[in-house]
Amino acid sequence: MQINRELGARLLWMAALAVVSGLNSTAQTAQPVGEAVWQPTHPAVRVGDYAGSASCAQCHISEPEKHRTSEMGSSVTRPAESRFLSEHPSLRFERGPYTYTLQREGGQTTFTASDAHGKISEPLFLAVGSGKVFQAYLIQHGGQYYRIPVDYFTAQGKLGLDTEADPALPASLEAALGKPLTLGDLRGCLRCHSPASVVGDRIDIVSLTPGIGCEACHGPGGKHAAAMEAGKPAGAGIFSPSHLLPQEKSALCNQCHTSASSMKAQNPQGVHGVVSPAYRLEGSRCWNPTDERASCTSCHDPHAALVRDTAAYDDKCISCHAQGTHALAHQPGKTCPVGKRDCAGCHMPKVSVPGSPILFTDHRIRIARAGATYPE
Ligand code: HEC
Ligand code: HEC
Ligand code: HEC
Ligand code: HEC
Ligand code: HEC
Ligand code: HEC
Ligand code: HEC
């Protein structure tokens, strides 16, 4: 009973992240504003249309510099480039009769599952996740992709059971290799974690840009790079979200960060809706779809790593909330009678979701009183 509940919770958490409109419906399509809006999760172009993030860095300085250390920039890595695997060349995890190891040799990491009767070894195929909290690994075995049953947990500095592993002990060594992924599952991972690695029917993590590169959000940039080199009008040939309306900018993010509509369609129970920032934000009194200050990009620079100091967001709140007795004309929000600093620290509490090791920030900005129940 206990086990089933845990499994149910895990599946719900991952399902919440995985069911996005961009992947399986058109409900969240961003509206064009004078130009076609590029959809990160619909990368149906030719490989040759991409220039690669390195090419952008030849002319643009600030975005590439920040992007290098961002979670999105390193959301998928080739195993040879995973810093966790190179810092920890020998990792081990025991589970019942099974032993799992990740062993690095000559820059390559090999996964081995063994028991008293034998062992199966395969080189890692892909590392998924920047490792803010954890990094997951995929292998190929007998023509089938698997998500191996162990992840690297960054805070602990060691392997732990994968968030998607079957809570029951596997019955055979073959079953102990992890969760089989169909080609559709793999495409799903990559559409969110590494969009430019999927081109038409082709999945290519060797020659294509891994992670959420510049062209994931700006579309293929080969024509733009060539036009700029040829001295064509500045900025030609590239999709620029700066020109979008506030809700369109957010819709771009919400193709991968579960949109409010797709979360609503899942009828989330308890805390499960918190994995969708949009769903929670839109239930907040601060929300205004036409106000730039309430859009995702107002608080988050898509080129940079997440800012983890909550006090650093104060100016975003104060742009709408008066600080003293006199609200400015453009400040629709009231003054706080309690605090002047670290607004988000009190009004955007962190929430844990059963089955997930990630602590999510509740984007339903509100007066969160100690001991009060979580408002669904
Ligand atoms: C040969 C130089 C060059 C290369 C290579 C280049 N750009 Fe640009 N880009 C420019 C210039 C010049 C502008 C116009 C000035 C500006 O906005 O910085 C520009 C503008 C832009 C804009 C704003 C467009 C607008 O309408 O406001 C975006 C977005 C952009 N580039 C993204 C990229 C991406 C992504 C890549 C890599 C695929 C890239 N650029 C490669 C030179 C370049
Ligand atoms: C192509 C899919 C995709 C798009 C589009 C996208 N994101 Fe992300 N984003 C992700 C994934 C996947 C991660 C997790 C990265 C990791 O840690 O591996 C992430 C991580 C983040 C993080 C850091 C989260 C953390 O826990 O550290 C922030 C902040 C963020 N995204 C904001 C945005 C904003 C703002 C936009 C829109 C401008 C956006 N994202 C668009 C897929 C996307
Ligand atoms: C719908 C888009 C989507 C799909 C599909 C998806 N993810 Fe994610 N994933 C995310 C986002 C967004 C985050 C960041 C969560 C947050 O911080 O809010 C994330 C986080 C993660 C993390 C934790 C990253 C870290 O830095 O701690 C791992 C690992 C991960 N995903 C692996 C996978 C794997 C493996 C698959 C495919 C089986 C997959 N994801 C499918 C969007 C997606
Ligand atoms: C997760 C999505 C995402 C990724 C990845 C991304 N961008 Fe952007 N970029 C945006 C958004 C959204 C804007 C508009 C920001 C705004 O208006 O607040 C933008 C704006 C820009 C601009 C225009 C800035 C201006 O002042 O008008 C340039 C140039 C640019 N990006 C270049 C890049 C380069 C180069 C990379 C790769 C290193 C990159 N971007 C990666 C989403 C992204
Ligand atoms: C008013 C400011 C604000 C707005 C608007 C906002 N966020 Fe956040 N977001 C935050 C703060 C504060 C954090 C917590 C940072 C920390 O403590 O690490 C956060 C954290 C995150 C994280 C990291 C995972 C987590 O839950 O902690 C992601 C991903 C994210 N936001 C995505 C989004 C998206 C997508 C949107 C638009 C739908 C959005 N945010 C709108 C302030 C904002
Ligand atoms: C786009 C403008 C805007 C932004 C940005 C904004 N707010 Fe608000 N907020 C409002 C409005 C309007 C209300 C409703 C009037 C009021 O109660 O002040 C509100 C209400 C609130 C409330 C009362 C909620 C309730 O249920 O009674 C709190 C608390 C709050 N905001 C805190 C914040 C914090 C903290 C931030 C930054 C993380 C923030 N707001 C960002 C506009 C905004
Ligand atoms: C120490 C925690 C804390 C901090 C820091 C804090 N608040 Fe508050 N805030 C509260 C509490 C508690 C209330 C409810 C007060 C009451 O009604 O008793 C509140 C109330 C509010 C309200 C509702 C006011 C009304 O009249 O309805 C707004 C708006 C607000 N805060 C915004 C902010 C902003 C903006 C900041 C940062 C400048 C901030 N808060 C910092 C705890 C905090």
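Residues numbered from 1 in each chain as written. Chains lettered and ligands numbered in written order. Predicted model: local features only at pLDDT ≥ 70, side-chain atom pairs only at ≥ 80, totals over all residues.

The next subject is the site of ligand 1. Taken together, 19 residues surround ligand 1, and among them Cys56, Cys59, Gly221, Ala234 and Gly235 come closest. Mapped onto the shell around ligand 1, the elements with two or more residues apiece are helix H3 (53-56), helix H7 (214-218) and helix H8 (222-229). Looking at the shell around ligand 1 element by element, the count peaks at four residues for H8. When grouped by side-chain class, the residues that make up the shell around ligand 1 number eight nonpolar, nine polar and two charged. (Near = placed C-beta within 6 Å. Helix = DSSP H or I, 4+ residues; strand = E, 2+ residues; numbered from the N terminus. Nonpolar A, V, L, I, M, F, W, Y, C, P; charged D, E, K, R; others polar.)

In this section: the pairing of strand E5 (residues 118-128). When strand E1 (residues 76-77) meets E5, the two strands line up antiparallel, connected through two bridges. Across the sheet, Val76 pairs through a bridge with Val128, a residue of E5. Where strand E4 (residues 108-115) meets E5, six bridges bridge the pair, whose relative direction is antiparallel. Looking across to E5, one finds that Thr110 is bridged to Pro123. In textbook terms, the turn of a hairpin is the stretch between consecutive antiparallel strands, and for E4 and E5 this stretch comprises two residues. The sheet contact formed by E5 and strand E6 (residues 134-141) spans four bridges and is antiparallel. Along E6, the bridge assignment pairs Val128 with Ala136. (Pairing = 2+ DSSP bridges.)

Now for the site of ligand 4. In the vicinity of ligand 4, 20 residues are found, and the nearest of them are Glu63, His67, Cys214, Cys217 and Pro241. For the shell around ligand 4, the secondary structure elements donating two or more residues are H3, helix H4 (62-67), H7 and helix H9 (246-253). It is H7 that provides the largest number of residues to the shell around ligand 4, a total of four residues. Classifying every residue of the shell around ligand 4 by side-chain character gives 10 nonpolar, eight polar and two charged.

Moving on: the environment of Cys317. Residue placement: Cys317 occurs in helix H13 (residues 314-318). On the neighbour-count criterion, Cys317 (20 C-beta atoms within 10 Å) is buried. The spacing of Cys317 and Cys286 is 31 residues in sequence and 9.3 Å in space, taken between C-alpha atoms. (Buried ≥ 20, exposed ≤ 12 C-beta atoms within 10 Å, placed from the backbone.)

It is worth spelling out the nonpolar core at this point. Looking at soluble globular proteins, one finds that nonpolar side chains tend to be buried together. Core analysis: the largest hydrophobic core is formed by 30 residues, its most contacted members being Val128, Tyr137, Leu138, Ile139 and Ile148. Of all the secondary-structure elements, those providing two or more residues to this core are helix H5 (83-87), strand E3 (98-105), E4, E5, E6, strand E7 (144-147), strand E8 (150-153) and helix H6 (183-193). Apart from the residues within four sequence positions on either side, Tyr137 is in contact with Phe111, Leu124, Ala127 and Ile148. Counting 11 residues, the second-largest nonpolar core is a separate cluster that includes Tyr50, Cys56, Ala216 and Cys217. (Core = buried A, V, L, I, M, F, W, Y, C linked by C-beta atoms within 7 Å. Contact = placed C-beta atoms within 7 Å.)

The next subject is H9. Every buried residue of H9 is accounted for by Lys249, Ser250, Ala251 and Leu252. Where H9 is buried, its residues touch H7, helix H11 (277-281) and helix H12 (296-299).

Okay, unusual backbone geometry next. The phi dihedral of Asn267 falls on the positive side, at around 45°, and the residue is not glycine. Position of Asn267 relative to the elements: it lies in the loop between helix H10 (260-265) and H11. Judged by the 8 C-beta atoms lying within 10 Å of it, Asn267 falls in the exposed class. For Asp342, which is not glycine, the phi dihedral falls at a positive 55°.

Attention now goes to the environment of Gly235. One can find Gly235 in the loop between H8 and H9. Along the primary structure Gly235 and His224 are separated by 11 residues, whereas in three dimensions their C-alpha atoms are 7.2 Å apart.

What follows concerns the confidence of the model for the chain. Residues at a pLDDT of 70 or more form 89% of the chain, whose mean pLDDT is 87. Residue range residues 1-35 is modelled with pLDDT below 50. Its contacts to residues more than four positions away, or to other chains, number 67 contacts. (pLDDT = per-residue confidence, 0-100.)

With that settled, the discussion passes to the pairing of E7. Note: E6 against E7, four bridges, orientation antiparallel. Within E7, the position partnered with Ile139 by the bridge is Tyr146. From the end of E6 to the start of E7, which pair antiparallel, there are two residues, and Gly142 there has a positive phi angle of about 55°. As judged from the three bridges shared by E7 and strand E10 (residues 179-181), these two strands associate in the antiparallel manner. Bridge pairing links Tyr146 to Pro180 in E10.

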